[in-house]
Amino acid sequence: WFNKAEEKYGKATEANPHDADSWSNWGNLCAQRGIAATNSNEQERWFNEATEKYRKGTEADPNHASSWNNWGVLCTSQGKAASDADAREHWYAEAEKKVARALEIAPRHVVYWFNKACLASLRQDVKACVDALEQWRDCKPDASSAELDNDPDFDNVRDTPEFQEFHKKLADNK
């Protein structure tokens, strides 16, 4: 189904090269292929394809928040896949820039704040993580501590007093 979807996105972007949604969705498809890749060369190839699609999406519409956020999520995936600390930090820094741009455009978007919190945790920045989670909760009145419990991105901060305090406040509100 990947091939059929890729063909459809190719036709859609050829018909309308200024359709940021199509570019972003095509980027998501390529990113998923990269995540599902069975070897690092294949993964890198698909991640590069996804990067190109997100770049075209942000060129088609520089205010297309979804393209920026999705590109940030891709950079986060590249950081997780990196084999050394310097490469990991490079990708996380790139992800932070992309997600920050998405939040400039859509400052009340729940998913973007959650992604920012995950990224801060991956970078072991407890304060930035909890600050982003506070924003996430403010944008999502029905936020649940259960949403944090099984997300491995929070493993770096899960046992810190700051995260535990936020988690307890969130759990107590329900």
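The structure we're discussing is the one just above.
First, a word on what this report is: a plain description of the structure on this page.

What counts and what doesn't
Residues numbered from 1 in each chain as written. Predicted model: local features only at pLDDT ≥ 70, side-chain atom pairs only at ≥ 80, totals over all residues. Heavy atoms only, no water. Helix = DSSP H or I, 4+ residues; strand = E, 2+ residues; numbered from the N terminus. Expected span 1.5 Å × (residues − 1). Buried < 20%, exposed > 50% of the residue type's maximum accessible area, 1.4 Å probe, protein only. Contact = heavy atoms within 4.5 Å. Axes fitted to C-alpha atoms, helices over the stretch in contact; angles between N-to-C directions. Parallel < 35°, antiparallel > 145°, perpendicular 65-115°, else oblique. Left-handed = near helix turned anticlockwise from the far one by under 90°. Nonpolar A, V, L, I, M, F, W, Y, C, P; charged D, E, K, R; others polar. Core = buried A, V, L, I, M, F, W, Y, C linked by side-chain atoms within 4.5 Å. Phe/Tyr/Trp six-rings, centres within 6.5 Å; stacked < 30°, edge-to-face > 60°. Lys NZ or Arg CZ within 6 Å of the ring centre and 35° of its normal.

Side note on helix H7 (residues 126-139)
Here is step 1: Taking 1.5 Å of rise per residue, the 14 residues of H7 would be expected to cover 20 Å, and the 20 Å separating its terminal C-alpha atoms lies within 8% of that figure.
Here is step 2: Buried within H7 we find Val-126, Cys-129, Val-130, Ala-132, Leu-133, Glu-134, Trp-136, Arg-137 and Cys-139.
Here is step 3: Residues of H7 that are buried in the fold lie against helix H6 (110-122), helix H8 (146-149) and helix H9 (161-172).

Some thoughts on the packing of helix H5 (residues 85-105) against H6
Here is step 1: Remark: H5 packs on H6, axes separated minimally by 10 Å, with the N-to-C direction vectors making an angle of 160°. It follows from the interaxial angle that H5 and H6 lie roughly antiparallel. Seen from above, H5 lies across H6 with left-handed handedness. Between H5 and H6, the contacting residues are Tyr-92, Ala-95, Glu-96, Val-99, Ala-102 and Leu-103 on the first element and Tyr-112, Trp-113, Lys-116, Leu-119 and Leu-122 on the second.
Here is step 2: Looking at the contact of H5 with H6 residue by residue, the class counts come to nine nonpolar, no polar and two charged.

Describing the nonpolar core
Here is step 1: By size, the foremost hydrophobic cluster in this structure holds 43 residues, and its most contacted members are Leu-133, Trp-136, Leu-148 and Phe-154.
Here is step 2: Mapped onto this core, the elements with two or more residues apiece are helix H2 (20-36), helix H3 (40-60), helix H4 (65-81), H5, H6, H7 and H9.
Here is step 3: Filtering out sequence-adjacent residues up to four positions away, Trp-136 remains in contact with Val-110, Trp-113, Phe-114, Ala-143, Ser-144, Glu-147, Leu-148, Phe-166 and Leu-170.

Comments concerning unusual backbone geometry
Here is step 1: Here Gln-124, not a glycine, exhibits a phi torsion of approximately 60°, which is positive.
Here is step 2: With relative accessibility at 57%, the residue Gln-124 sits in the exposed group.

Some thoughts on the packing of aromatic side chains
Here is step 1: In total, this model carries five aromatic pairs according to the counting rule given.
Here is step 2: Measuring from ring centre to ring centre gives 5.7 Å for Trp-68 and Trp-71, while their planes differ by 20°; the resulting arrangement is stacked. Here Trp-68 and its partner Trp-71 are both found in helix H4, three residues apart, which amounts to about one turn of the helix. With respect to burial, Trp-68 and Trp-71 carry one shared label: buried.
Here is step 3: An aromatic cluster of three or more residues is present, and its members are Phe-114, Trp-136, Phe-154 and Phe-163.
Here is step 4: One cation-aromatic arrangement involves Lys-98 over Trp-71; the distance from NZ or CZ to the ring centre is 4.3 Å.

These results come straight from atomic positions and should not be treated as a statement about function.
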